[in-house]
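Fold and contact review
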Amino acid sequence: MDQEKLCCSVCLDLLKKPVTLPCGHNYCMSCIKVHWDKEDPKGAYSCPQCRKVFAPRPELVKNTMLAELVEDLKTPGIQPASADLCYAGPEDISCDVCTGKKLKAVKSCLVCLVSYCEQHLQPHYDSSAFDSHKLVKPSNRLKGNICSTHNEVMKMFCHTDQKCICYVCCVNEHNHHNTVQVEEERKHRQKDLKLILQKIQQRIQRRVEEAKVLDKEVEGIKVSADKAMKDSETIINQLVSYIKEKGTSLKQQIQLQQKEEESRVIELQKKLEQEITELKKMDEELKQLLHTEDNTEFLLSYSLPFKLNDYTDSPSFKMCPVKYFEDFQTALLEIRDNLKAILAQEWRKITLTVRSVDVLLPQSKPKTRDEFLKYSCQLTMDSDTVHPKIFLSNQNRSVSNTVQHPTNDFYFHRRDRFSNQQQVLSKESLIGPCYWEVEMKGRGLSVAVTYKNKNNLDQSEFGSNNNSWALECYGDCYKFRHNKITTSLSGPLSSKVGVYVDPRAGILSFYSVSDTMALLHRVQTTFTEPLYAGLWIWKSFWTDTTATFNEIK
């Protein structure tokens, strides 16, 4: 009996519930069903071997004779096999008893420490002398069960040294150690292993549930992003249509104004041409009179009423530069620049809003400066909040207390400005994970993150209330302040400070930035209001201090 002849050509294993097709080929019932279920559902079903087509789908009936042959083949001691399946290959475990060309081992004995093929294993089934022997799947690690010192099977376990030993080791080297039989130790560790396995299975189940949640999250992100893209396209098209509509209206207005001005000029042209014609006629008459030889006729003709004064009120034109619609072009360019500035500012808010999309996944904290720069934001200072004794420059990215400046009356009447403390807030709010850097010159500066509660903040400097968190930068050290509590910090001194805040996660971190980033202080809290960056320039009569929101590229 050849085992290969009783194998299914689909799964390449022994037939299970064998069925015979009308063409004569045999398959496992489940294999042929799965094969036919995958075929084109047009009422035609084929044999995987000969490709003969059957219509309608044949009814499958178990072939009892083949089923009995397969069961006989599975019985130990009866199952023969072809030479190709029996002889051990390079990756197989070979029989230790076979001489010459070795056969595949089917079992290994933990007592004999030998692997057997089906033929040499038969005595273990036939003789009661081998009843106590334990047969396992073929293993090539049997030699590892032998003590390398005493060449004995290691049947004991030493708790003291946490290793397997033989009986001789137990009597000699491990005489006073805590030892047990390997079977007992296995039972003990098997309990621990089952607990670990149970935890792993629970974790797998939890991860599977989380994976399902993430699948829903991905789908939700996709649906929301698609809607946002359609909405953005619609809104942008509306803006473009609005601008085009205004442009069309503007063109019509220009054309109307053009016609009015041209009509006025043409009317003046007609008047001038009429006057020129009349003057030329008068000129001709006067020339004739001038050349009249008869004196009496000359005097009689000269006495005619030539009314030259009638033309003295005619308009006179001076040669001067004409602007036409140049002023309109200037005004339009100014509108364009203002609109671009507004869009640039508002577009940043939109970009930050997109970046702060709330997803269930916890975000990994950045560690390197390159990772922090992914969250970089460009901040400017709000001129409406700046104290009148500190001064903005560098497109409102720098602030200083330079004593050379006069009192800044320009800010006096701003409703939100600080009046008590030399402080200023950022114009932009901190939406989503944000990172920015402050570079300072001089000494006496606080870098802060704060709520925009100006009335409370103006009564005390950043860090002296529960609405703000501040890093104080001295010339030789750092301190952290919050709610009137000051904490001294250690860390490398640098003229540049990096700040990272994630409002959703409630994380605020301050870093000393040079060639590397060194963490100075981290806060874990719950932020309940929108956050803004803040700078506090300390009052000093002898030292100038300048702080700049660096433009990170």
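Okay, so let's go over this structure. Note that the structure is predicted; figures quoted are calculated from it, not measured.

Conventions we followed
Residues numbered from 1 in each chain as written. Predicted model: local features only at pLDDT ≥ 70, side-chain atom pairs only at ≥ 80, totals over all residues. Heavy atoms only, no water. Pairing = 2+ DSSP bridges. Helix = DSSP H or I, 4+ residues; strand = E, 2+ residues; numbered from the N terminus. Axes fitted to C-alpha atoms, helices over the stretch in contact; angles between N-to-C directions. Buried < 20%, exposed > 50% of the residue type's maximum accessible area, 1.4 Å probe, protein only. Disulfide = S-S within 2.5 Å. Expected span 1.5 Å × (residues − 1). Contact = heavy atoms within 4.5 Å. Patch = residues over 30% accessible without salt bridge, like charges linked within 9 Å, V, L, I, M, F, W, Y side chains within 5 Å. Areas by Shrake-Rupley, 256 points an atom, 1.4 Å probe, with all protein chains shown as cover. Salt bridge = Lys/Arg side-chain N within 4 Å of Asp/Glu carboxyl O. 1 Å grid on protein atoms, 1.4 Å probe; cavity = no way out; pocket = protein on both sides within 12 Å on 5 of 7 lines; lining within 4 Å. Points joined across faces, edges and corners; volume = space filled by probe spheres on them. Nonpolar A, V, L, I, M, F, W, Y, C, P; charged D, E, K, R; others polar. Phe/Tyr/Trp six-rings, centres within 6.5 Å; stacked < 30°, edge-to-face > 60°. Core = buried A, V, L, I, M, F, W, Y, C linked by side-chain atoms within 4.5 Å. Polar contact = N/O pair within 3.5 Å; in protein donor to acceptor, adjacent residues only side chain to side chain.

Let's talk about the sheet that holds strand β14 (residues 434-441)
Taken in spatial order, the seven strands of this open sheet run β11-β12-β23-β14-β19-β20-β21, and their pairing is antiparallel. Only two strands of the sheet have a single neighbouring strand rather than two, namely β11 (391-393) and β21 (517-524). Strand-to-strand twist in this sheet, taken as the mean axis angle between neighbours without regard to direction, amounts to 20 degrees. Strand direction decides the pairing type here: β14 and strand β23 (residues 546-549), joined by four bridges, are antiparallel. Each residue of the ladder has a partner; that of K441, found in β23, is T546.

Details of the pairing of strand β22 (residues 531-537)
Consecutive residues of a regular strand have side chains that alternate between opposite faces of the sheet. For β22, the tally of buried residues reaches seven of seven residues, placing the bulk of the element in the interior. Side chains L531, A533, L535 and I537 project from β22 onto one buried face, and the interleaved Y532, G534 and W536 project onto a second face that is buried too. With four bridges connecting them, strand β13 (residues 423-429) and β22 associate as antiparallel partners. Following the sheet pairing, Q423 is matched in β22 by W536. Judged from the seven bridges that link them, strand β15 (residues 445-451) and β22 form a sheet pairing that is antiparallel. The residue bridging Y451 from the neighbouring strand is L531, located in β22.

Considering the state of the cysteines
On inspection of all chains with the given rule, the structure shows zero disulfides. Lacking any disulfide linkage, C117 is separated from the closest cysteine sulfur, that of C98, by 3.7 Å. On the basis of relative accessible area, C117 is assigned to the buried category, the value being 1%.

Some words on helix α6 (residues 182-290)
For α6, with 109 residues, the first-to-last C-alpha span of 151 Å sits near the 162 Å given by 1.5 Å per residue. If you check which residues of α6 are buried, you get E185, E217, E275, M282 and L289. Residues of α6 that are buried sit in contact with β8 (156-158), β10 (179-181) and α7 (295-302).

A word on a nonpolar patch on the surface
A cluster of nonpolar side chains, namely I236, V240, Y242, I243, L339, L343, W347 and I350, defines an oily patch on the protein surface of about 720 Å² accessible area. Contributing elements (two or more residues each) for the nonpolar patch: α6 and α8 (326-355). Tracing the sequence through the fold places L343 in helix α8.

Here we look at the layout of surface pockets
In this model, the largest pocket occupies a volume close to 800 Å³. L110, M154, V182, E183 and R186 are the residues nearest the centre of the largest pocket, which is lined by 20 residues in total. Residues of the lining of the largest pocket, tallied by class, amount to ten nonpolar, three polar and seven charged.

Observations concerning the packing of aromatic side chains
Any pair of aromatic rings gets described here by the distance separating the centres and the angle formed by the planes. Summed over the entire model, instances satisfying the criterion amount to eleven aromatic pairs. Taking the centre distance of 6.0 Å and the plane angle of 65 degrees together, the rings of Y375 and Y500 count as edge-to-face. A residue pair is termed long-range when its members are at least 10 positions apart, and Y375 in the loop between α9 (369-373) and β11 and Y500 in strand β19 (residues 496-502) qualify at 125 residues. Taken as a pair, Y375 and Y500 share a single burial class, namely buried. Both rings, one in Y451 and one in W469, keep their centres 5.6 Å apart while their planes meet at 85 degrees; by these two values the pair is edge-to-face. With Y451 in strand β15 and W469 in strand β16 (residues 468-473), this residue pair connects regions lying 18 residues apart in the sequence. Of the two residues, Y451 and W469, both sit in the buried class. Among the aromatic residues, those joined into a cluster by ring pairs are F372, Y375, Y435, Y500 and Y511.

Quick word on the pattern of salt bridges
Enumeration over the complete set of coordinates arrives at 14 salt bridges. Across the salt bridge formed by E472 and R481, the nearest N and O atoms sit 3.1 Å from each other. This pair shows no difference in class: E472 is buried, exactly as R481 is. Each of the salt bridges in this network shares a partner with another, and the network as a whole consists of E461, E472 and R481.

Notes on the sheet that holds β8
Taken together, the three strands give an open sheet; going across it, the order is β9-β8-β10, and neighbouring strands pair in antiparallel fashion. The open sheet terminates on both sides in strands that have one partner only, identified here as β9 (163-165) and β10. Averaged over all neighbouring strand pairs, the angle between strand axes comes to 35 degrees, with direction disregarded. With three bridges connecting them, β8 and β10 associate as antiparallel partners. Within β10, the residue paired with M156 across the bridge is Q181. Running over the sheet, α6 touches β8 and β10 and is turned about 90 degrees from β10.

Details of unusual backbone geometry
The linkage connecting A55 with the following residue, P56, adopts the cis geometry, with an omega of 0 degrees. Within the fold, P56 resides in the loop between β4 (53-54) and α2 (64-74). A positive phi angle is found at L113, which is not glycine, with a value near 55 degrees. As for its position among the elements, L113 is in the loop between β5 (107-109) and β6 (114-116).

A few points about the nonpolar core
Core analysis: the largest hydrophobic core is formed by 37 residues, its most contacted members being V399, W436, L508 and L535. Among the nonpolar cores identified, the runner-up in size contains 18 residues, and L14, C31, W36 and Y45 belong to it.

Some details on the environment of A44
Here A44 lies in the loop between α1 (29-38) and β3 (45-46). Sequence separation of A44 and P56 is twelve residues, and the distance between their C-alpha atoms is 6.5 Å. Apart from residues lying up to four places away in sequence, A44 is in contact with E39, V53 and F54.

With respect to α7
Burial analysis of α7 places just zero of its eight residues in the buried class, a small minority of the element. Capping the start of α7 is the job of one residue whose side-chain oxygen sits 3.1 Å from the backbone nitrogen of T296: D294.

Comments concerning the side chain of H124
Tracing the backbone shows H124 in helix α4 (residues 118-126). Owing to a relative accessible area of 8%, H124 belongs among the buried residues under this scheme.

Quick look at the pairing of β15
Counting buried positions along β15 gives seven out of seven residues, so the element sits mostly inside the fold. In terms of strand pairing, β15 meets β16 through six bridges, oriented antiparallel. Counterpart to S446 in the pairing with β16 is E472.

Distances and angles like these do not, on their own, reveal function.
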